[in-house]
Amino acid sequence: MSRSKRKWDHVQFALKTGQERSNGFDDIQFVHQNLPSASVNNIGLNTQIGELSLSSPIFINAMTGGGGEKTLEINRKLAIAAKRSGIAISMGSQMSALKDQTERKTYEIIRKENPDGIVFGNIGSEATVEQAQAAVEMVAANALQIHLNVIQELTMPEGDRDFRGALRRIEKIIQQLQVPVIVKEVGFGMSGEAVAQLASIGVAAVDVGGFGGTNFAKIENERRERLLSFFNSWGVPTAVSIVEAKHAAASVPIIGSGGIQNSLDVAKAIALGADAVGMAGFLLKILFENGLEALIDEIAIIHHELTLMMTALGAININALQKAPLIISGNTFHWLNERGIDTKKYSQRTLM
């Protein structure tokens, strides 16, 4: 099967398999604040990811590209949505365009439609420094995502089977690239140990890409004759992964992603420690089912609802929201407790 055909299959299977409520956010509840010292008119949604200043904590996370005209059209619309909403956008893996120049346009369209916006490039951990630089130059990227997708590759019939040396390759890219490097998982979450390793080599930010969103094991199993069904439930739930990441490397900016489906998920992800939140599958579904204008409207609604929740909590900015008291229960509590992370620090903190 051609890489282009596989990329389009991924989009189709992502819409087919959908997203489950297995991200862990249903185990998180805010402690109600009766006397919040805030007004909807003085809420700030701007945030920082290392040296990058974002006007919103949400961004359109990596989805597609490299699948011919169909993926070009998806990226064109996503870029327009990002521009009109004033949010950052990441593209899908650019390895397709690095190996087939005819696919460059499916990625370049994002910068063409969004010339002044914040754009993240994207490559795999198998990439060389030269490939990383080419990916950045292709779209004049403000930062580069390097994705980790071991489980997807192992489930993919034609996927990689050798993952040795990834950390060292990433370190070389960090040392030689002139833009920030973000390392992201693609739906199976990150452990605290992995985040600590990435922090040690100077990564600019970590995108946890937790379990509970688009499930690439299920997607690749759709393409197999003999299923590797044990990988379908493999991974660290998003809520857990955010806490593990923050616990392991408090100074490293954390991006929460993986099954973020509404404004409450966004608020909870930030309160658990995320500095920004990536959304992908949920937005793709809206685009396919309801069109570009509906997608733009939904992003505006998420911003409005997040503002209302921050007002209710008395959190006037993203830093304050990260201090909002919350209760962690259920499987998320059990997981964190077993991993030696004290959840009482979340329930007993205050914004004061």
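Residues numbered from 1 in each chain as written. Predicted model: local features only at pLDDT ≥ 70, side-chain atom pairs only at ≥ 80, totals over all residues. Heavy atoms only, no water.

An unreviewed UniProt entry annotates the chain as Isopentenyl-diphosphate delta-isomerase originating from Bacillus canaveralius. Under Sequence similarities (unreviewed entry), UniProt gives the following word-for-word description of the chain: "Belongs to the IPP isomerase type 2 family." On record in UniProt, under Function (unreviewed entry), the comment for the chain is "Involved in the biosynthesis of isoprenoids. Catalyzes the 1,3-allylic rearrangement of the homoallylic substrate isopentenyl (IPP) to its allylic isomer, dimethylallyl diphosphate (DMAPP)." (UniProt positions renumbered as here; feature names shortened; annotations may be inferred.)

S.K.: Please give an account of the overall build of the chain that cites residues and values.
M.R.: Of the regular secondary structure elements, the chain holds 16 helices and 12 strands. Over its C-alpha trace the chain gives a radius of gyration of 19 Å, about what one expects of a compact globule, namely 20 Å for 352 residues. On the principal axes, the C-alpha backbone points of the chain span a range of 60 × 40 × 40 Å. In the chain, which comprises 352 residues, the share counted as buried stands at 57%. (Helix = DSSP H or I, 4+ residues; strand = E, 2+ residues; numbered from the N terminus. Rg over C-alpha atoms; globule rule 2.2 N^0.38 Å. Buried < 20%, exposed > 50% of the residue type's maximum accessible area, 1.4 Å probe, protein only.)

S.K.: Can you break down the UniProt feature "binding site: Mg(2+)" (unreviewed entry) in the chain residue by residue, with the values?
M.R.: Summarizing the sequence annotation, UniProt attributes the feature "binding site: Mg(2+)" (unreviewed entry) to E153 in the numbering used throughout. You can call E153 buried: its relative accessible area is 12%. For E153, the contacting residues outside a window of four places in its chain are G159, D160, R161 and F163. (Contact = heavy atoms within 4.5 Å.)

S.K.: Before we move on, can you summarise the nonpolar core with the specific residues and values?
M.R.: Counting 91 residues, the largest nonpolar core has I123, L144, I173, V206, V266, L272 and L321 as the members making the most contacts within it. Among the elements that line this core, the one with the most residues is helix α13 (residues 292-313), at 9 residues. Excluding residues within four positions of it along the chain, L144 makes contact with G121, N122, I123, A132, A135, V136, I173, L177, V179, P180, V181 and I182. Core analysis: the second largest hydrophobic core is formed by 11 residues, F120, A143, A205 and I255 among them. (Core = buried A, V, L, I, M, F, W, Y, C linked by side-chain atoms within 4.5 Å.)

S.K.: Outline the side chain of K268, supporting the account with residue identities and numerical values.
M.R.: Structurally, K268 can be placed in helix α11 (residues 263-272). One buried charged residue, K268, forms no salt bridge at all, with the nearest opposite charge on D26 at 5.0 Å. Apart from the residues lying within four places of it in its own chain, the contact partners of K268 are F25, D26, I28 and F30. (Lys, Arg positive; Asp, Glu negative; His and termini not counted. Salt bridge = Lys/Arg side-chain N within 4 Å of Asp/Glu carboxyl O.)

S.K.: Summarise the environment of F188; cite the residues concerned and give the values.
M.R.: Relative to the assigned elements, F188 resides in the loop between β8 (181-185) and α8 (192-200). Given the relative accessible area of 5%, F188 is considered buried. Considered as a pair, F188 and G213 are 25 residues apart in the sequence and their alpha carbons are 8.9 Å apart. Those residues within four positions of F188 in sequence are excluded, and the remaining contacts are I151, Q152, G209, G210, F211, N215, F216, A217, F231, W234, G235 and V236.

S.K.: Just give me the short version of the UniProt feature "domain: FMN-dependent dehydrogenase" (unreviewed entry) in the chain, but keep the residues and values in it.
M.R.: Sequence positions flagged by UniProt for "domain: FMN-dependent dehydrogenase" (unreviewed entry) are, in local numbering, residues 167-324. Helix makes up 52% of residues 167-324 and strand 10%, and the two end C-alpha atoms of the span are 34 Å apart.

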